[in-house]
Amino acid sequence: MKLEFQKSVPSYTRSVDLKSNNNDLVELIKNNFKIPNNDLDNIISFIDEDEELKKIIFELPSIIRKEFPDDDMQIKFYDEFQESELILEVGIFSSFDEKSSFEKEKSLENNLYEKYDWDSVDKILILMEYENDKRRTI
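Counting from 1, residues in each chain are numbered in the order their sequence is written. Only residues with pLDDT of 70 or above have their local features reported here, since the model is predicted, and side-chain atom pairs are shown and tallied only from 80 upward, although totals for entire chains, interfaces and linings are computed over all residues. Only hydrogens and water are set aside when side-chain values are computed; all heavy atoms of the structure are taken into account.

**Q** Sorry if this is basic, but what is going on with the side chain of serine 101 here?
**A** Secondary structure elements follow DSSP: runs of H or I no shorter than four residues count as helices, runs of E no shorter than two count as strands, and numbering proceeds from the N terminus. For serine 101, the position within the fold is in helix H4 (residues 98-115). Note on serine 101: relative accessible area 0%, which makes it buried. We call two residues in contact when some of their heavy atoms are within 4.5 Å. Once you skip the residues sitting within four places of it in the chain, serine 101 turns out to touch Phe68, Ser94, Phe96, Met128 and Tyr130. Only protein chains enter the calculation, and the probe is 1.4 Å; a residue is then buried if its accessible area is under 20% of its type maximum, exposed if over 50%, and partly exposed in between.

This is the structure:
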């Protein structure tokens, strides 16, 4: 009896192509975030100025979903600093209690700062929205 082996083909996962057109970025944002201020074009322009920030935004929904799998997210410019500098506000509407959310947000914060350039991460402010409307920042 002769044994035959089939060649193994490594599994392949396509990495995000950061040089893709803006339609991919627009679709990603529309499909994963609520956009409360109809500011999508300005958000896209802001993200396009920083390739590392673009990379973060492409990966951010899956990073957040690891800690907050069923929670809604929104993206807009943070209102308080708009005159001096633009910062993107990513809101997570947490279904977890505050203690659990705090632990998860710390893990999320550490993940972002370990994985990405700090200057680009600093252009994002993540705010936790709790069911009782309390806000907590990362």
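Having seen it, we continue.
**Q** Quick question: what am I supposed to make of the nonpolar core here?
**A** In summary, soluble globular proteins display a tendency toward joint burial of nonpolar side chains. Residues Ile29, Ile57 and Leu112 are the most contacted members of the largest nonpolar core, which totals 32 residues. Among the secondary structure elements, those contributing two or more residues to this core are helix H1 (22-32), helix H2 (40-48), helix H3 (51-67), strand S1 (72-77), strand S2 (88-93), H4 and strand S3 (124-129). A total of 7 residues in this core trace back to one element, the largest contributor, which is H3. Setting aside anything within four residues of it in sequence, one finds leucine 112 in contact with Ile56, Leu60, Ile63, Val121 and Ile126. What we call a nonpolar core is a set of buried Ala, Val, Leu, Ile, Met, Phe, Trp, Tyr and Cys residues that are connected through their side-chain atoms within 4.5 Å.

**Q** Even after reading the chapter, I still don't get the pattern of salt bridges, so can you show me in this structure?
**A** It is possible for side chains of opposite charge to pair when their charged atoms get near one another. Here, a salt bridge means any Lys or Arg side-chain nitrogen found within 4 Å of an Asp or Glu carboxyl oxygen. Tallied over the entire structure, the rule returns 6 salt bridges. A salt bridge links glutamate 59 to lysine 115, with the nearest nitrogen and oxygen atoms 3.3 Å apart. Of this pair, glutamate 59 sits in helix H3 while lysine 115 sits in helix H4; the two residues are 56 residues apart in sequence, bridging distant segments of the chain. Lysine 106 is the salt-bridge partner of glutamate 109, the closest N and O atoms lying 3.2 Å from each other. Of this pair, glutamate 109 and lysine 106 both sit in helix H4, 3 residues apart, which is roughly one turn of that helix. A residue is classified by how much of its surface remains accessible, and lysine 106, at 33% relative accessible area, is partly exposed.

**Q** What should I look at first to understand the confidence of the model for the protein in this one?
**A** In regions of low pLDDT, the predicted coordinates are not meant to be interpreted in detail. Per-residue confidence from the prediction method is given by pLDDT, with values spanning 0 to 100. For the protein, per-residue confidence averages 80 on the pLDDT scale, and residues scoring 70 or more make up 76% of the total. Ignoring residues within four places in sequence, the model shows residues 5-20, a span with pLDDT below 50, making 7 contacts including any to other chains. This stretch, residues 133-138, has a pLDDT under 50; its non-local contacts, to residues over four places away or in other chains, come to 22 contacts.

**Q** What's the story with the environment of tyrosine 78 in this structure? I'm lost.
**A** Along the chain, tyrosine 78 turns up in the loop between S1 and S2. Given the relative accessible area of 15%, tyrosine 78 is considered buried. Sequence spacing of tyrosine 78 and valine 90 is 12 residues, and the spatial spacing of their C-alpha atoms is 8.7 Å. Look past the residues within four positions of tyrosine 78 in its chain and what remains in contact with it is Ile87, Glu89, Leu125 and Leu127.

**Q** Teacher, can you tell me more about unusual backbone geometry here?
**A** For residues besides glycine, phi is generally negative; the peptide bonds are generally trans as well. Although it is not a glycine, asparagine 38 sits at a positive phi angle of roughly 50°. Looking at where asparagine 38 falls in the secondary structure, it is placed in the loop between H1 and H2.

**Q** Teacher, can you tell me more about the pairing of S2 here?
**A** By the criterion of burial, S2 is predominantly enclosed, with 5 of the 6 residues buried. For S1 and S2, the ladder comprises 6 bridges, and the chain directions are antiparallel. Looking across to S2, one finds that glutamine 74 is bridged to glycine 91. Direction of pairing for S2 relative to S3: parallel, over a ladder of 6 bridges. Its bridge partner lying in S3, glutamate 89 is registered against leucine 125. We treat two strands as partners when DSSP finds at least two bridges between them.

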